[in-house]
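Observations on the three-dimensional arrangement
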Amino acid sequence: MKRVSTSELIPGMVTAEDVYTYSGQMILPRGQVLTDKAITKLEFYSIINVRIEDSMAQGYDEVKAPDPNESPAERIRRSPEFIEFKSKFEAGLPKFQSMLEGTVKNDEPVNLESLYDFASDLLNMNDGYVNVFDMLHNMREYDDMTFAHSINVALICNVFARWLRLSEEETRLATLCGMLHDIGKVTIPEDIIRKPSKLSDAEFAVVKKHTLEGYNALKKCPISDSIMNSALMHHERCDGSGYPFGITNAKIDPFAKMVAIADVYDAMTSARIYRGPMCPFKVVEIFESEGLQKYDTRYIMTFLENIVNTYLLHRVRLNNGVIGEVVYINRACLSKPTIKSGSDFIDLSVRDDLYIEAII
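Below you will find a few notes about this structure. (Residues numbered from 1 in each chain as written. Predicted model: local features only at pLDDT ≥ 70, side-chain atom pairs only at ≥ 80, totals over all residues. Heavy atoms only, no water.)

Here's the deal with the packing of helix α4 (residues 112-123) against helix α7 (residues 168-180)
To keep it simple, the criterion reads: Lines are fitted to the C-alpha atoms to define the axes, a helix being fitted only along its stretch in contact, and any angle between axes, read from their N-to-C directions, falls within 0 to 180 degrees. Secondary structure counts use DSSP, requiring at least four H or I residues in a row for a helix and at least two E residues in a row for a strand, with both numbered from the N terminus. Reported orientations rely on four angle classes, namely roughly parallel under 35 degrees, roughly antiparallel over 145, roughly perpendicular from 65 to 115, and oblique for the rest. A contact between two residues is defined here by any heavy atoms of the two lying within 4.5 Å. Basically, the charged four are Asp, Glu, Lys and Arg, the nonpolar ten are Ala, Val, Leu, Ile, Met, Phe, Trp, Tyr, Cys and Pro, and anything else, Gly included, counts as polar.
Running from N to C, α4 and α7 cross one another at 95 degrees; their axes reach a closest spacing of 10 Å. Taken together, α4 and α7 sit at an angle that is classed as roughly perpendicular. On α7, the residues that touch L112, E113, L115, Y116, F118 and A119 of α4 are R172, T175, L176, M179 and L180. Residue composition of the contact of α4 with α7, by class: eight nonpolar, one polar and two charged.

A closer look at the packing of aromatic side chains
Where we set the bar: The pairing test for Phe, Tyr and Trp rings, Trp by its six-membered ring, is centres within 6.5 Å, and the orientation test on the planes gives stacked under 30 degrees, edge-to-face over 60, and tilted for anything in between. To sort residues, take the accessible area from a 1.4 Å probe on protein chains only and compare it with the maximum for the residue type: under 20% means buried, over 50% means exposed, and anything in between is partly exposed. The rule is short: NZ of Lys or CZ of Arg within 6 Å of the ring centre and within 35 degrees of the ring normal puts a charge over the ring.
In total, this model carries 12 aromatic pairs according to the counting rule given. With a centroid separation of 6.4 Å and 80 degrees between ring planes, the pair formed by F160 and Y299 is classed as edge-to-face. On the criterion of sequence distance, the pair formed by F160 in helix α6 (residues 147-163) and Y299 in helix α14 (residues 297-310) is long-range, its members being 139 residues apart. Its relative accessible area of 0% is what places F160 among the buried residues. Three or more aromatic residues joined by ring pairs make a cluster, and in this case those are F133, F160, W163, Y265, Y299 and F303. A cation over a ring is seen here: K208 above Y243, with NZ or CZ 5.2 Å from the ring centre.

Some details on the sheet that holds strand β11 (residues 356-359)
The criterion, for reference: DSSP-based pairing: two strands are paired if at least 2 bridges between them are found.
Ordered by their spatial adjacency, five strands build an open sheet running β10-β9-β8-β7-β11, and the pairing between neighbours is antiparallel. Edge positions in the sheet fall to β10 (344-347) and β11, since each has one partner strand and no second. On average, each strand axis in the sheet is inclined to that of its neighbour by 40 degrees, with strand direction left out of account.

Observations regarding the state of the cysteines
Put plainly, two cysteines are in a disulfide when a covalent bond ties their sulfur atoms together. In plain terms, the rule: Two cysteine sulfurs form what is called a disulfide whenever their separation falls within 2.5 Å.
Throughout the structure, instances matching the rule amount to zero disulfides. Here C238 stays free of any disulfide, with the sulfur of C157 as its closest cysteine sulfur at 15 Å. Accessibility expressed as a relative area gives 12% for C238, which makes it buried. Cysteine C333 shares no disulfide, and the gap to the nearest cysteine sulfur, in C279, comes to 13 Å. Assessed through its relative accessible area of 23%, C333 is described here as partly exposed.

Below you can see the structure in the form of structure tokens.
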């Protein structure tokens, strides 16, 4: 590997280390294939130089120049990385479902190595580290509230662990906690899981049992306590408002705290039978207004500060129809960045009438 000045970076180079801002927030992960957008992000944060792998990313020069009439989201969906990610995701989904159902219904052991290899394969493609949030944001047509959702949460937990600078073993554990957190939903009747309208109190009581059912299924396996606890506690909240026990901060497993945040973020930004996906900035706003007491401060602030950074330089549409690009994150109000539209700059933090309606 070699250290290269940011001004000398070219698309196709591959980062040899995680790149952080001077305040400790991750900008790019190790193994990221650099694009013009990624290099611009490094310049935006005044990163002077970056360690780069000695070998160049293969095949980058074969990618066609972007169509100026094509949106960034459309470019992502036609990119080799997204096509491969989607193909692997869809190919692995039935096997993953079968594994979870076998554990719950037939007391089959959990193959942790196989589960982690599946997640790792989705994260590391073409010897690079995919932008998970770009991938998931463009696969939001899924309304699977158990199996696809669990894979999503596992991938988010993997990235979340890196933002927290956890060890490789802890990152692996966080990924598996996300993968298995909803295993208890295998026991919930399909007509309740997929009901297109509000659940009755009795139906919601049935759904809430999935935490205990998941714990009971996993405790039969030789498995980490944190994986079992994540299945049991991912709906607990630090202020005691969660379930199944209503326990508070100190009693909640640290990995369950991570899964709780990733679980809510993915559920709210994904399509559901009864609604479309919510804009990530709207979800951040909800976390800011309602969640800071419910989640561990260290975890929620690390997650929110980094999640908004993943959308820096993305094109967005405001509620008044204006199209622009996210160019500055307001640390005092993470859901209200500054948008550049043409030659104008719109500071959403001082505009109560405006908000980001969609990432496009």
